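In case you want the letters, here they are:
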Amino acid sequence: MLKTLWQSLTSSNSDSEDEAAVFDRALVKLFNEHFPIGKKLRYYPETHRQFFFRTIVIAYSINNQVLCGRDAVLYDDEGFPKSFRGAEDKLVPFDKWHTFQLLLPDTTEMENQLDYFTRADLGRGGQFCKGNIITLIGDVVDKCVPMLETTVNGHRVMPDGPYAETPAILVTPDFDTLVLADRRKKQRVKCTLAAKLHYANDSAVFACTLRDLSEVTLCLGVNDAKSNMPPLNAKQVVTAEFSLDSDGEATTYKIRGKVFHWGEDFCVIEIEQLYRNDKFTKITLMDIVEIKTELLNLKS
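Since the model is a prediction, treat every value here as computed from it, not as a measurement.

### Description of the overall build of the chain
Point 1. Looking only at helices and strands, one finds 3 helices and 19 strands in the chain.
Point 2. The buried share of the chain, taken over its 300 residues, is 47%.
Point 3. Counted over contacts in the chain with a minimum sequence separation of 6, partners at least 24 positions apart contribute 58%.
Point 4. Accessible surface, the chain as shown: approximately 15,700 Å² in total, 49% of it carbon and sulfur.

This is the structure:
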């Protein structure tokens with residue numbers, strides 16, 4: 001087991017050891033199921049949901065003691081937290097937990113992918129400015145996505161251990177914001193529009209129908225009961241193509257993404273890119289708003 005590290009971490013941000021524990025055992029259980037140490041995640045800074053970056057949980061920091069190994073936190077047979085191994089392998093029971101924080105790698109350089117206006121909105125300190133909200137996103141589970149808001153405490157450099165000299169970001173999770181969000185309950189615009197599904201490196205094309213579109217997904221369906229959707233694998237990269245008539249001028253949209261859910265008569269695609277200027281580029285919230293507006297006008 002990796003040793004407990006960094007005893008005095010963020011003492012200025014911590015509560016007194018004499019205070020009562022403030023954590024809900026069930027929420028910590030749910031948290032550990034979806035955001036364990038070593039888990040690869042995605043996140044977006046502040047309210048900029050159109051930008052997703054990759055990250056990983058380097059360690060937990062409980063009572064200002066950094067825990068890099070999953071076996072440092074102990075759970076009962078039902079998955080509820082019991083204790084953690086502190087200094088000198090001393091067990092600290094759950095009711096003695098007074099602070100709970102996470103360490104994430106410092107991915108400040110990813111801000112170079114943001115546009116000027118987004119960087120300006122984040123402020124001079126960037127996405128990891130103290131007090132900013134970082135929303136973590138876990139893997140899809142039963143059509144739902146675990147999401148959790150965290151507050152940035154500041155930049156840290158691990159002094160020793162397996163991540164010695166590694167720049168990191170210390171964040172405090174708000175367990176009350178932990179939800180399993182149904183991605184299909186986003187603000188969807190329902191429609192019935194002729195579309196094409198490009199799959200198998202775009203060499204194969206399947207005629208189908210665009211059924212709905214949201215900020216994060218679109219759904220394609222078969223044209224009739226006698227048709228079946230081509231067999232697709234989860235996370236397979238595909239492209240949906242459809243045309244919309246705006247002010248008498250037809251615009252063709254090609255949206256690339258990964259298969260989120262598949263059935264014999266439908267396919268839900270997680271939106272990632274839009275074809276423009278002869279190449280696929282990251283789709284923006286403005287792109288989605290434009291398409292949704294045209295679909296709504298199409299229905300009226």
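### Thoughts on the confidence of the model for the chain
Low-confidence regions, as indicated by low pLDDT, have predicted coordinates that should not be scrutinised in detail.
Point 1. Predicted confidence across the chain gives a mean pLDDT of 82, with 86% of residues reaching 70 or more.
Point 2. Counting contacts from residues 1-21, a segment whose pLDDT is below 50, to residues more than four positions away or on other chains yields 59 contacts.

### Quick notes on the pairing of strand β17 (residues 249-263)
Point 1. Of the strand pairs in this sheet, β17 and strand β18 (residues 266-276) are connected by 8 bridges, and their pairing is antiparallel. In the strand pairing of β18, tryptophan 262 is matched with cysteine 267.

### Things to note about helix α1 (residues 25-34)
Point 1. What α1 keeps buried is the set Val28, Lys29, Phe31, Asn32 and His34.
Point 2. The N-cap of α1, judged by a side-chain oxygen 2.8 Å from the amide nitrogen of alanine 26 a few residues on, is aspartate 24.

### Digging into the pattern of salt bridges
Point 1. Tallied over the entire structure, the rule returns 5 salt bridges.
Point 2. Salt-bridge contacts for lysine 29 lead to glutamate 33; the nearest nitrogen and oxygen are separated by 2.7 Å. With lysine 29 and glutamate 33 both in helix α1 and 4 residues apart, this pair spans about one turn of that helix.
Point 3. Aspartate 287 is the salt-bridge partner of arginine 276, the closest N and O atoms lying 2.5 Å from each other.

### What to know about the side chain of serine 83
Point 1. Mapped onto the elements of the fold, serine 83 is located in strand β6 (residues 81-85).
Point 2. Filtering out sequence-adjacent residues up to four positions away, serine 83 remains in contact with Ala72, Val73, Leu74, Leu91, Val92, Pro93, Phe94 and Trp97.

### With respect to a nonpolar patch on the surface
Point 1. Together, Leu285, Met286 and Val289 make up a nonpolar patch on the protein surface, roughly 290 Å² of accessible area in all.
Point 2. Mapped onto the secondary structure, methionine 286 falls in helix α3 (residues 285-299).

### Here we look at a negative patch on the surface
Point 1. Taken together, the side chains of Asp24, Glu149, Asp174 and Asp176 define an acidic patch exposed on the protein surface.
Point 2. Inspection of the secondary structure puts aspartate 24 in the segment before α1.
Point 3. Residue class for aspartate 24 comes out partly exposed when judged on its relative accessible area of 41%.

### Notes on the side chain of asparagine 32
Point 1. Topologically, asparagine 32 is positioned in helix α1.
Point 2. A distance of 2.8 Å separates polar atoms of two side chains, one belonging to asparagine 32 and the other to tyrosine 75.
Point 3. What asparagine 32 contacts, discounting residues up to four positions off in sequence, is Tyr60 and Tyr75.

### Some points on unusual backbone geometry
Point 1. Positive phi, normally seen in glycine, also occurs at lysine 235, with a value near 70 degrees.
Point 2. The exposed category is assigned to lysine 235, whose relative accessible area is 62%.
Point 3. Phi at aspartate 278 is positive, roughly 65 degrees, even though this residue is not glycine.
Point 4. Accessibility expressed as a relative area gives 67% for aspartate 278, which makes it exposed.

### Some remarks on the packing of aromatic side chains
When we look at a pair of aromatic rings, we describe it by the centre distance and by the angle of the planes.
Point 1. The final tally for this structure, using the stated rule, is 15 aromatic pairs.
Point 2. With a centroid separation of 5.8 Å and 35 degrees between ring planes, the pair formed by phenylalanine 242 and tyrosine 253 is classed as tilted. On the criterion of sequence distance, the pair formed by phenylalanine 242 in strand β16 (residues 237-246) and tyrosine 253 in strand β17 is long-range, its members being 11 residues apart. In terms of burial, phenylalanine 242 and tyrosine 253 fall into one category: buried.
Point 3. Clustering of aromatic rings is evident, with ring pairs tying together Phe23, Phe31, Phe35, Tyr60, Phe84, Phe94, Trp97, Phe100 and Phe175.
Point 4. Taking the ring centre of tyrosine 275 as reference, the NZ or CZ of lysine 254 above it sits at 5.2 Å.

Cut-offs used in this document
Numbers given for residues are sequential positions, taken from 1 along each chain in its written order. Residue-level local features of this predicted model are given only where pLDDT is at least 70; pairs of side-chain atoms are given and counted only at 80 or more, and the full residue set underlies all totals for whole chains, interfaces and linings. Heavy atoms from the whole structure form the basis of all side-chain values; hydrogens and water molecules are not counted. Under the DSSP-based scheme used, a helix requires at least four consecutive residues in state H or I and a strand at least two consecutive residues in state E, with every element numbered from the N terminus. Relative accessibility thresholds used throughout: buried, under 20% of the residue-type maximum; exposed, over 50%; partly exposed, between the two (1.4 Å probe, protein chains only). Should any heavy atoms of two residues lie within 4.5 Å, those residues are counted as being in contact. Per-residue accessibility takes into account occlusion by the displayed protein chains alone, with areas from the Shrake-Rupley method and a 1.4 Å probe. Per-residue confidence from the predictor is reported as pLDDT, which spans 0 to 100. Strands pair, by our definition, only if DSSP identifies at least two bridges between them. Two N or O atoms count as a polar contact when they lie within 3.5 Å, although within protein this holds only if one can serve as hydrogen donor and the other as acceptor, and sequence-adjacent residues are included solely when both atoms are side-chain atoms. By salt bridge we mean one thing: a side-chain nitrogen of Lys or Arg within 4 Å of a carboxyl oxygen of Asp or Glu. Residues enter patches when they are more than 30% accessible in relative terms and free of salt bridges; like-charged ones are connected within 9 Å and nonpolar ones (Val, Leu, Ile, Met, Phe, Trp, Tyr) within 5 Å. Neither His nor the chain ends contribute to the count of charged residues, in which Lys and Arg are positive and Asp and Glu negative. By convention, the point assigned to a charge is CZ for Arg, NZ for Lys, CD for Glu and CG for Asp. Here a Phe, Tyr or Trp ring, Trp counted by its six-membered ring, pairs with any other such ring whose centre lies within 6.5 Å, and the pair is stacked when the planes are under 30 degrees apart, edge-to-face when over 60, and tilted otherwise. A ring has a charge above it when a Lys NZ or an Arg CZ is no more than 6 Å from the ring centre and no more than 35 degrees off the ring normal.

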